[in-house]
Amino acid sequence: MLQINNLKVAYGSIEVIHGISLEVRPGECVALIGANGAGKSSTLKAICGLVPVKSGNVTFEGRDITNLSGHGVVQAGITMCPEGRQVFPQMSTIKNLRMGAYMRRDAEQDSDLERMMDMFPILRDRAHQAAGTLSGGEQEMLAIARALMARPKLCIFDEPSLGLAPKIVAEVAATIARIKAMGKTILLVEQNSLMALRLADRAYLFEAGEIVLSGTGEELQSHPEVVKAYLGH
Ligand code: ATP
């Protein structure tokens, strides 16, 4: 579904992604793991048209989407649930959800809004509250629901567990598992490697702008290098 071939990304003259290749197949949950600064976010940004690709290419459903604008990428069917939630703080929960559907021209936004509030009852309770007043966990649920409002074929989650209490992290993980069970294809970036590897069908380990290891979530969970450096036991 998504294919990245020999991708290089640079900020100015400094190359930070050095020719990586990976793929996400329909219905899979694929995780990108690795330390701070390893290049996971830069890879996501390159997919989403938020940083220019220096060389290599990105294809989605067989179509070359390299260096497409952010809008073009959403139109192609890819939505990112960004790091740090980035809800619109002054807008109500409902308005935030509607923003997720701003590229859609169909008449089913209202029924999708209802479905989202059925899926996340807390968002119904908070429907008319300014999003900035929601707790971190509630904002994460809102950011996830807002991403789903675009009806993406591929949903990208960037560090969804960041800054959340352990109990809420478990809720976020359960939510991602539910979204996968709905048949969505998921690309997940997480520093919480254990959470990511438990959710993932397959995963790639990033180090210093390169992919150094890949395998099933289970394989990586028991790989000695991963256990030692990222799972801490
Ligand atoms: P994190 O979990 O901290 O987001 P990451 O694995 O996603 O880490 P990136 O954010 O992609 O890593 O960073 C990869 C490298 O690119 C790092 O060396 C970082 O300092 C550098 N970098 C990231 N954004 C920029 C930028 N806007 N300008 C210059 N260098 C950047």
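Because the structure is predicted, anything quoted here is derived from the model rather than measured.

Definitions and limits used
Residues numbered from 1 in each chain as written. Predicted model: local features only at pLDDT ≥ 70, side-chain atom pairs only at ≥ 80, totals over all residues. Heavy atoms only, no water. Helix = DSSP H or I, 4+ residues; strand = E, 2+ residues; numbered from the N terminus. Pairing = 2+ DSSP bridges. 1 Å grid on protein atoms, 1.4 Å probe; cavity = no way out; pocket = protein on both sides within 12 Å on 5 of 7 lines; lining within 4 Å. Points joined across faces, edges and corners; volume = space filled by probe spheres on them. Nonpolar A, V, L, I, M, F, W, Y, C, P; charged D, E, K, R; others polar. Domains from an automatic or database assignment. Near = heavy atom within 4 Å. Polar contact = N/O pair within 3.5 Å; in protein donor to acceptor, adjacent residues only side chain to side chain. Areas by Shrake-Rupley, 256 points an atom, 1.4 Å probe, with all protein chains shown as cover. Buried < 20%, exposed > 50% of the residue type's maximum accessible area, 1.4 Å probe, protein only. Arc of directions from axis to C-beta. Contact = heavy atoms within 4.5 Å. pLDDT = per-residue confidence, 0-100. Salt bridge = Lys/Arg side-chain N within 4 Å of Asp/Glu carboxyl O.

**Q** Honestly, unusual backbone geometry in this entry has me stumped. Any pointers?
**A** Most peptide bonds are trans, and most residues other than glycine sit at a negative phi. Unusually for a residue other than glycine, Glu 61 sits at a positive phi of about 50°. If you trace the backbone, Glu 61 turns up in the loop between β4 (53-60) and β5 (63-64).

**Q** Would you explain the sheet that holds β5 in this entry?
**A** Two orientations exist for strands paired in a sheet by backbone hydrogen bonds: parallel and antiparallel. Spatially, the 4 strands line up as an open sheet ordered β2-β1-β4-β5, and their pairing is antiparallel. Of all strands in the sheet, those bounded by a partner on one side alone are β2 (14-24) and β5. Strand direction decides the pairing type here: strand β1 (residues 2-11) and β4, joined by 6 bridges, are antiparallel. Looking across to β4, one finds that Asn 5 is bridged to Asn 57.

**Q** What is the right way to read the layout of surface pockets from this model?
**A** A water-sized probe, rolled over the atoms, reveals where empty space remains. Approximately 550 Å³ is the volume attributed to the largest pocket. For the lining of the largest pocket, the secondary structure elements donating two or more residues are α2 (70-76), β6 (78-81), α3 (93-100) and α6 (136-148). For the lining of the largest pocket, the element with the most residues is α2, which contributes 4 residues. Looking at the lining of the largest pocket residue by residue, the classes come out as 12 nonpolar, 5 polar and 1 charged. The residue makeup of the lining of the largest pocket includes at least three contributed by each of domain 1 (2-77 + 152-230) and domain 2 (90-151). Considering the residues around the second largest pocket, the lining is formed by Val 74, Gln 75, Gly 77, Thr 79, Gly 100, Ala 101, Tyr 102, Met 103, Arg 104, Ala 150, Arg 151 and Pro 152. The residue makeup of the lining of the second largest pocket, split by class, is 6 nonpolar, 4 polar and 2 charged. When residues are assigned to domains, the lining of the second largest pocket turns out to be shared by domain 1 (2-77 + 152-230) and domain 2 (90-151), each giving three or more.

**Q** Can you walk me through the site of the ligand in this structure?
**A** In the region of the ligand, the neighbouring residues are Tyr 11, Val 16, Ala 35, Asn 36, Gly 37, Ala 38, Gly 39, Lys 40, Ser 41, Ser 42, Glu 159 and Gln 191. A distance of 2.4 Å separates an oxygen atom of the ligand from a polar atom in the side chain of Asn 36. Ala 38 has a polar backbone atom sitting 3.0 Å from an oxygen atom of the ligand. Expressed as a share of its isolated accessible area of 620 Å², the protein-covered part of the ligand is 59%. When residues of the shell around the ligand are assigned to their parent elements, the largest contribution, 3 residues, is made by helix α1 (residues 40-47).

**Q** So what exactly am I meant to see when it comes to helix α4 (residues 109-119) here?
**A** Residues spaced three or four apart along an α-helix point in a common direction, a consequence of the helix completing one turn every 3.6 residues. Buried within α4 are the following residues: Gln 109, Asp 112, Leu 113, Met 116, Met 117 and Met 119. Down the axis, α4 shows its buried residues gathered within 155° of arc, on one side only. Elements that come into contact with the buried residues of α4 comprise α3, α5 (121-125), α6 and α7 (166-181).

**Q** What am I meant to see in the confidence of the model for the protein chain here?
**A** Regions with low pLDDT should not have their predicted coordinates read in detail. The share of residues in the protein chain with pLDDT of 70 or more is 100%, and the mean pLDDT across the chain is 91. Per the prediction output, this complex has pTM 0.89; the corresponding ipTM is 0.90.

**Q** Explanation requested: the environment of Ala 143 in the structure shown.
**A** By the element assignment, Ala 143 lies in helix α6. Here the alpha-carbon distance between Ala 143 and Pro 160, two residues 17 residues apart in the chain, equals 9.2 Å. With sequence-adjacent residues up to four places away left out, Ala 143 is seen in contact with Cys 81, Arg 85 and Val 87.

**Q** What's the story with the pattern of salt bridges in this structure? I'm lost.
**A** Where charged atoms from two side chains of opposite charge approach closely, those side chains can pair. A complete count under the given rule lists 14 salt bridges for this structure. A salt bridge links Glu 15 to Lys 54; its shortest N-O distance comes to 2.7 Å. You can see Glu 15 sitting in strand β2 and its partner Lys 54 sitting in strand β4, a full 39 residues away along the chain. Taking the relative accessible area as the measure of exposure, Glu 15 reaches 22% and is therefore partly exposed.

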